[in-house]
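Now for the letters of each chain:
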Amino acid sequence: MSLEYTSSEMMSVTAARALENGMTCFVGIGLPSEAANLARLTHAPDVVLIYESGTLQTKPNVLPLSIGDGELAETALTTVAVPEMFRYWLQGGKIDVGFLGTAQIDRYCNLNTTLIGDYREPKVRLPGGGGAPEIATNAGEVFITLKHSRRAFVERVDFVTTLGFGRDGKGRDNVPNIGKGPTRVITDLCVMKPDPDTKELVVVSLHPGVTRDDVIEATGWEIRFAEQLEITPVPSEHELTILRELKARTERAHAGA
């Protein structure tokens with residue numbers, strides 16, 4: 001009997017599966033945090049989760065509201081000062097994966113979390129980059145997860161907060177850095193990876209029930225598809241149970257229950 005799941009659950013489970021046991025992961029708040037903690041609670045119990053506030057190997061029982069959530073410090077192996085977190089752990093090349101969210105992304109994996117519209121007269125002010133620019137530069141590789149829509153997947157981001165591969169796909173060429181940059185983008189419709197040569201995002205896997213037209217309609221540029229296009233494996237009953245329990249605990253905790 002097939003399991004029923006939402007597109008959001010499909011995205012979270014697929015993103016969680018991208019993390020391998022034993023990896024050290026620098027986690028962003030929101031969807032990345034949900035996916036990373038799902039991985040820790042399922043197939044990757046030894047994944048080391050690090051948040052920007054300086055919490056090392058944290059194991060939150062509920063999803064944090066922010067990097068300053070006390071749950072992170074209370075469940076961490078230890079905490080360090082933010083300068084140490086960035087200068088020693090991140091810039092020292094000790095982070096395998098940076099897991100990020102964003103408001104906008106373009107075909108070359110550039111991320112925008114600064115503003116929507118013209119810089120001088122923006123329509124919307126966003127939270128900003130935080131540590132994302134440093135994470136994208138120094139982590140071994142970067143995973144990105146966000147919901148798929150034309151508002152998020154744009155031809156050109158309004159502002160490059162976090163470098164993917166630059167406006168032309170060559171932004172990292174001949175620039176010394178530790179990490180590979182973005183290697184995977186997971187949405188509620190598909191999985192995408194940068195082309196090895198051009199660095200343009202290519203759809204490599206469609207989620208069950210999603211068509212090429214669905215992805216084309218939700219993308220703000222002429223999206224490319226891999227020749228060998230795969231179908232993403234569906235969530236297991238165990239993954240869905242753990243994810244739903246995690247979200248239910250989180251909701252109760254944040255409601256003061």
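In this text, all values refer to a predicted model and were calculated from it rather than measured experimentally.

### Re the pairing of strand β10 (residues 141-145)
Item 1. A large share of β10 lies buried, amounting to 5 of its 5 residues.
Item 2. The two faces of β10 match: Glu141, Phe143 and Thr145 on one face and Val142 and Ile144 on the other face are all buried.
Item 3. The pairing of strand β5 (residues 97-100) with β10 spans 4 bridges and is classified as parallel. In the strand pairing of β10, Phe99 is matched with Phe143.
Item 4. The pairing of β10 with strand β11 (residues 182-186) spans 4 bridges and is classified as parallel. Paired with Thr145 across the two strands is Ile186, which belongs to β11.

### Brief notes about the environment of Arg184
Item 1. Looking at the secondary structure, you find Arg184 in strand β11.
Item 2. Residue classification places Arg184 among the partly exposed residues on the basis of a relative accessible area of 25%.
Item 3. Once the C-alpha coordinates of Arg184 and Arg125 are considered, the two residues, 59 residues apart in sequence, prove to be 27 Å apart.
Item 4. With residues near it in sequence (within four places) discarded, Arg184 still touches Ala18, Val142, Phe143, Ile144, Val191, Met192, Lys193 and Pro194.

### Remarks on the nonpolar core
Item 1. Counting 37 residues, the largest nonpolar core has Ile105, Phe153, Val185, Met192, Val203 and Val215 as its most contacted members.
Item 2. Contributions of two or more residues to this core are made by β2 (48-51), α4 (82-90), α5 (132-138), β10, β12 (190-194) and β13 (201-206).
Item 3. Those residues within four positions of Phe153 in sequence are excluded, and the remaining contacts are Ile105, Leu146, Lys147, His148, Val185, Thr187, Met192, Ala218, Thr219, Gly220 and Trp221.
Item 4. In terms of nonpolar packing, the next biggest core, distinct from the first, is built from 24 residues, Ala15, Ala36, Ala44 and Leu72 among them.

### Focus: the packing of helix α1 (residues 7-17) against helix α7 (residues 237-254)
Item 1. Contact geometry for α1 and α7: axes closest at 11 Å, N-to-C directions at 105°. The angle between α1 and α7 falls in the class roughly perpendicular. Residues Glu9, Ser12, Val13 and Arg17 of α1 touch α7, and the partners they reach there are Glu239, Leu240, Leu243 and Arg244.
Item 2. Residue classes in the contact of α1 with α7 are distributed as 3 nonpolar, 1 polar and 4 charged.

### Considerations on the environment of Thr162
Item 1. With respect to the helices and strands, Thr162 occurs in the loop between β10 and β11.
Item 2. Here the alpha-carbon distance between Thr162 and Ala76, two residues 86 residues apart in the chain, equals 27 Å.
Item 3. Leave out the neighbours within four places in its chain, and Thr162 touches Cys109, Asn110, Leu111, Ala132, Pro133 and Ala136.

### Quick word on the layout of surface pockets
Item 1. Reported here for the largest pocket is a volume of approximately 470 Å³.
Item 2. Going through the elements one at a time, β1 (24-27), α2 (31-41) and α5 are the ones with two or more residues in the lining of the largest pocket.
Item 3. Considering only enclosed or pocket space, the second largest pocket measures out at about 220 Å³ in volume.
Item 4. Taken together, 13 residues form the lining of the second largest pocket, with Thr14, Arg184, Val191, Ser205 and Glu230 sitting closest to its centre.
Item 5. Residue assignment for the lining of the second largest pocket shows that the elements contributing at least two residues are α1, β11, β12, β13 and β14 (224-231).
Item 6. Its residues placed into classes, the lining of the second largest pocket shows 6 nonpolar, 3 polar and 4 charged.

### Concerning the packing of aromatic side chains
Item 1. By the definition in use, this model includes 5 aromatic pairs.
Item 2. Arranged with centres 5.9 Å apart and planes meeting at 45°, the rings of Phe26 and Phe86 form a pair that is tilted. Of this pair, Phe26 sits in strand β1 while Phe86 sits in helix α4; the two residues are 60 residues apart in sequence, bridging distant segments of the chain.
Item 3. Residue Phe26 is classed as buried on the basis of its relative accessible area, which comes to 0%.
Item 4. Over the face of the ring belonging to Phe165 we find Arg172, whose NZ or CZ atom lies 5.8 Å from the ring centre.

The rules behind each value
- Here the residue index of a chain counts from 1 through its sequence in written order.
- Where local features are concerned, this predicted model is filtered to residues with pLDDT of at least 70; where side-chain atom pairs are given and counted, the filter is 80 or more; whole-chain, interface and lining totals use all residues.
- Each side-chain value is derived from all of the structure's non-hydrogen atoms; neither hydrogens nor water enter the calculation.
- Only protein chains enter the accessibility calculation, which uses a 1.4 Å probe; a residue whose area is less than 20% of its type maximum is buried, one above 50% is exposed, and one in between is partly exposed.
- Under the scheme used here, helices are H or I runs from DSSP no shorter than 4 residues and strands are E runs no shorter than 2 residues, and both carry numbers assigned from the N terminus.
- DSSP calls a pair of strands paired once it identifies at least 2 bridges connecting them.
- Here a residue-residue contact requires only that any non-hydrogen atoms of the pair lie within 4.5 Å.
- Working definition of a nonpolar core: buried Ala, Val, Leu, Ile, Met, Phe, Trp, Tyr and Cys residues. They are joined through side-chain atoms within 4.5 Å.
- The axes are straight lines fitted to the C-alpha atoms, using for helices just the contacting stretch, and the angles between their N-to-C directions are given from 0 to 180°.
- When describing relative orientation, an angle under 35 degrees is termed roughly parallel and one over 145 degrees roughly antiparallel, while 65 to 115 degrees is termed roughly perpendicular and anything else oblique.
- In this classification, Asp, Glu, Lys and Arg are treated as charged, Ala, Val, Leu, Ile, Met, Phe, Trp, Tyr, Cys and Pro as nonpolar, and every other residue, Gly included, as polar.
- The way it works is a 1 Å grid over only the protein atoms, where trapped points that fit a 1.4 Å probe form a cavity and open points with protein on both sides within 12 Å along at least five of seven lines form a pocket, and then any residue with an atom within 4 Å of a point lines it.
- Grid points are joined across faces, edges and corners, and a volume is the space filled by probe spheres set on the points.
- Pairing of aromatic side chains here covers Phe, Tyr and the six-membered ring of Trp, requires ring centres within 6.5 Å, and sorts the geometry by plane angle: under 30 degrees stacked, over 60 edge-to-face, intermediate tilted.
- Criterion for a charge above a ring: Arg CZ or Lys NZ at most 6 Å from the ring centre, at most 35 degrees from the ring normal.

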